[in-house]
Amino acid sequence: MSTILVKNLKKYYENVKAVDGINLEAKNGEFVVLLGPSGCGKTTTLRCIAGLEIPSEGSIFFDEKEVTRLTPSDRNVGMVFQFYALYPHLRVRDNITFPLRAQRVPLPKIQKKLQEVVQIFQLENLLKRKARDLPPGDQQRVALARAVIREPNVLLLDEPLSALDEKFREEMRSGLGSLQKRIGITTIYVTHDQREAMALGDVIVVMKEGSIIQHGTPEELYEHPRTVFVGHFLGTPGMNFSNCSFYDHRLSIEGTNYSLPLQNEGLLSALQGYFGKELILGIRPEYVKITEKSDEDGYLTVKVLVIEPAGRFRLVDFMLGEKIFRTRIGWDLSIGTGQDIQVKFMEEKICIFDRKTEIALR
Ligand code: ADP
Ligand code: MG
């Protein structure tokens, strides 16, 4: 078990700043997810932690010990990368148990551990097959089993589920999450898939262009995105945004005659000093409530553009000024395209960003 500490990590390739000064910590037993769009430096960060790359600057510690320049084998890390090579000529069983046999672990103990990982990764029927004969998704499950079986200090996973098809991915995700909790292994997991991040992470670190934008629990990031980017990137679908400005206890929505009355004290105090300034309002679809008709202040009448089924819910699109907004409804409510509906924003859930910096006011 280890704590991982990354201090001011930079990795430059000629003129590409792949990682540009990041600081992060994974506490003992914590599951930390590095989340961000393709090319933002996730893999490079992970490879530096694994010892596969030497940083241009900065340092990495496992517990108190600096490992920045140690080889991967001197760090006792278990790794699974997106395209991980197994021993193709070995059977699945021998691939998985390889690390334990190399450490001369007694056979009964190997059997017991094998049983455990085989169950988690659903490999019962594959044990006798040669690795090279398996499709990529199955190979990836074998690679995961092999990485966790020896219970390394640290588990580093780079998009390990992306080669799997949808059904397996969800099952494997929950298996991996519960296994990690049970063995309590400090884990850093890289993904561009925000749903995976939300499901697995104790802590999510959102990266963009080689830097960290925000880190926090899934709930903190979802409810209080630090930037417009984070609000947009997290959630299915992401947050709704509209330009607005603040006048006299009201948010005036650009491109409309609407202005929302504000009473929430936290919101009002965050808006102190922003009178008349250019702002962005953000609100998650589920916090836009469709209501009974009312003439009360704060209720907006909008026209339904599109209704789209989305599993347990339906997504309802409407225009707010020049922006398309979305809300979520159940299947019980009867609403049609083109119909006028009344909506109300849950005031305590409204996020406000500075339009120039796109950073949240609170
Ligand atoms: P991610 O995993 O988030 O998709 P990467 O860490 O793979 O991002 O890459 C970050 C940036 O660094 C990208 O612009 C990528 O092209 C660049 N990069 C990564 N590895 C190398 C390398 N070996 N040589 C040159 N550029 C690289
Ligand atoms: Mg990558």
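Residues numbered from 1 in each chain as written. Chains lettered and ligands numbered in written order. Predicted model: local features only at pLDDT ≥ 70, side-chain atom pairs only at ≥ 80, totals over all residues. Heavy atoms only, no water.

1. Comments concerning the sheet that holds strand 9 (residues 203–208)
Thinking step 1. With respect to topology, six strands assemble into an open sheet ordered 6-7-8-3-9-10, the strand pairing being mixed. The outermost strands of the open sheet, each flanked by one partner alone, are strand 6 (77–80) and strand 10 (211–216). Between one strand axis and the next, the sheet turns through 15 degrees on average, direction left out of account.
Thinking step 2. One ladder, built from five bridges, connects strand 7 (residues 154–158) with strand 8 (residues 186–191); its direction is parallel. Residue pairing for strand 8: Leu-157 is matched across the bridge by Tyr-189.
Thinking step 3. Strands strand 6 and strand 7 of the sheet are contacted by helix 4 (residues 136–149), whose axis makes an angle of about 175 degrees with strand 6. (Pairing = 2+ DSSP bridges. Helix = DSSP H or I, 4+ residues; strand = E, 2+ residues; numbered from the N terminus. Axes fitted to C-alpha atoms, helices over the stretch in contact; angles between N-to-C directions. Contact = heavy atoms within 4.5 Å.)

2. Points about a nonpolar patch on the surface
Thinking step 1. On the surface, a cluster of nonpolar side chains totalling about 310 Å² of accessible area is made up of Leu-305, Val-306, Met-319 and Ile-324.
Thinking step 2. Topologically, Leu-305 is positioned in strand 16 (residues 300–310). (Patch = residues over 30% accessible without salt bridge, like charges linked within 9 Å, V, L, I, M, F, W, Y side chains within 5 Å. Areas by Shrake-Rupley, 256 points an atom, 1.4 Å probe, with all protein chains shown as cover. Salt bridge = Lys/Arg side-chain N within 4 Å of Asp/Glu carboxyl O.)

3. Comments concerning the pairing of strand 10
Thinking step 1. Pairing geometry for strand 9 and strand 10, over five bridges, is antiparallel. Each residue of the ladder has a partner; that of Lys-208, found in strand 10, is Ser-211.
Thinking step 2. In sequence, strand 9 turns back onto strand 10 through a hairpin of two residues, with Glu-209 there showing a positive phi of about 45 degrees.

4. Looking at the site of ligand 1
Thinking step 1. The full set of residues close to ligand 1 is Tyr-13, Val-16, Ala-18, Pro-37, Ser-38, Gly-39, Cys-40, Gly-41, Lys-42, Thr-43 and Thr-44.
Thinking step 2. Within the contact set of ligand 1, an oxygen atom lies 2.6 Å away from a backbone nitrogen or oxygen of Gly-39.
Thinking step 3. Gly-41 places a main-chain nitrogen or oxygen 3.1 Å from an oxygen atom of ligand 1.
Thinking step 4. Protein coverage of the free-state accessible area of ligand 1, which is 570 Å², stands at 59%. (Near = heavy atom within 4 Å. Polar contact = N/O pair within 3.5 Å; in protein donor to acceptor, adjacent residues only side chain to side chain.)

5. Brief notes about unusual backbone geometry
Thinking step 1. Omega for the bond connecting Thr-236 with Pro-237 falls within 30 degrees of zero, at -5 degrees, which places this linkage in the cis form.
Thinking step 2. Phi angles above zero are rare outside glycine, and Gln-122 is one such case at about 50 degrees.
Thinking step 3. Secondary-structure assignment places Gln-122 in the loop between helix 3 (107–120) and helix 4.
Thinking step 4. Positive phi outside glycine occurs at Glu-151, with the angle close to 45 degrees.
Thinking step 5. In this structure Glu-151 comes out as partly exposed when scored by relative accessible area, which is 39%. (Buried < 20%, exposed > 50% of the residue type's maximum accessible area, 1.4 Å probe, protein only.)

6. Observations concerning the packing of aromatic side chains
Aromatic rings in a pair are described by how distant their centres are and how their planes are angled relative to each other.
Thinking step 1. Applying the stated criterion across every chain yields a total of eight aromatic pairs.
Thinking step 2. Here Tyr-247 and Phe-275 contribute two aromatic rings whose centre-to-centre distance is 5.8 Å and whose plane-to-plane angle is 85 degrees, an arrangement assigned as edge-to-face. Placement of the pair is Tyr-247 in strand 11 (residues 240–247) and Phe-275 in the loop between helix 9 (265–270) and strand 14 (278–283), with a sequence separation of 28 residues.
Thinking step 3. On the accessibility criterion, Phe-275 (55% relative accessible area) is exposed.
Thinking step 4. Feature note: the residues Phe-246, Tyr-247 and Phe-275 constitute an aromatic cluster, connected by ring pairs.
Thinking step 5. Between the NZ or CZ atom of Lys-208 and the centre of the ring of Phe-229, over which it lies, the distance is 4.8 Å.
Thinking step 6. Over the aromatic face of Tyr-299 sits the side chain of Lys-344, whose NZ or CZ is 5.0 Å from the ring centroid. (Phe/Tyr/Trp six-rings, centres within 6.5 Å; stacked < 30°, edge-to-face > 60°. Lys NZ or Arg CZ within 6 Å of the ring centre and 35° of its normal.)

7. Some thoughts on the domain arrangement of the chain
Thinking step 1. You can read the domains of the chain as domain 1 (4–233) and domain 2 (240–354).
Thinking step 2. Each partner contributes residues to the interface: domain 1 has ten residues there, and domain 2 has eight residues.
Thinking step 3. Roughly 730 Å² of surface becomes buried between domain 1 and domain 2 when both sides are summed, with 55% attributable to carbon and sulfur atoms.
Thinking step 4. Interface area lost by domain 1 to domain 2 is led by Tyr-222, Glu-223 and Val-228, which between them contribute 68%.
Thinking step 5. Inspection of the domain 1/domain 2 interface yields one salt bridge.
Thinking step 6. For the salt bridge of Lys-349 with Glu-223, the shortest nitrogen-to-oxygen distance reads 2.8 Å. (Domains from an automatic or database assignment. Buried area = accessible area lost by both parts, 1.4 Å probe.)

8. Remarks on the sheet that holds strand 15 (residues 288–291)
Thinking step 1. The antiparallel open sheet is built from five strands, whose spatial order is 15-19-16-17-18. Two strands in the sheet have a free side with no partner beyond their single neighbour: strand 15 and strand 18 (323–329). The average undirected angle you get between the axes of adjacent strands in this sheet is 50 degrees.
Thinking step 2. Looking at chain direction, strand 16 and strand 19 (residues 340–345) are connected through four bridges and run antiparallel. Bridge pairing in strand 19 places Thr-301 opposite Gln-342.

9. Details of the pattern of salt bridges
Thinking step 1. Inspection of every chain in the model, using the stated rule, returns 17 salt bridges.
Thinking step 2. Residues participating in the shared-partner salt-bridge network are Lys-11, Arg-47 and Glu-53.

10. What about helix 1 (residues 42–50)?
Thinking step 1. Along helix 1, seven of the nine residues are buried, which leaves the element largely enclosed by surrounding structure.
Thinking step 2. Every buried residue belonging to helix 1 is among Lys-42, Thr-44, Thr-45, Leu-46, Cys-48, Ile-49 and Ala-50, and all of these are buried.
Thinking step 3. Remark: Gly-51 follows helix 1 within two positions and exhibits a positive phi of approximately 95 degrees.

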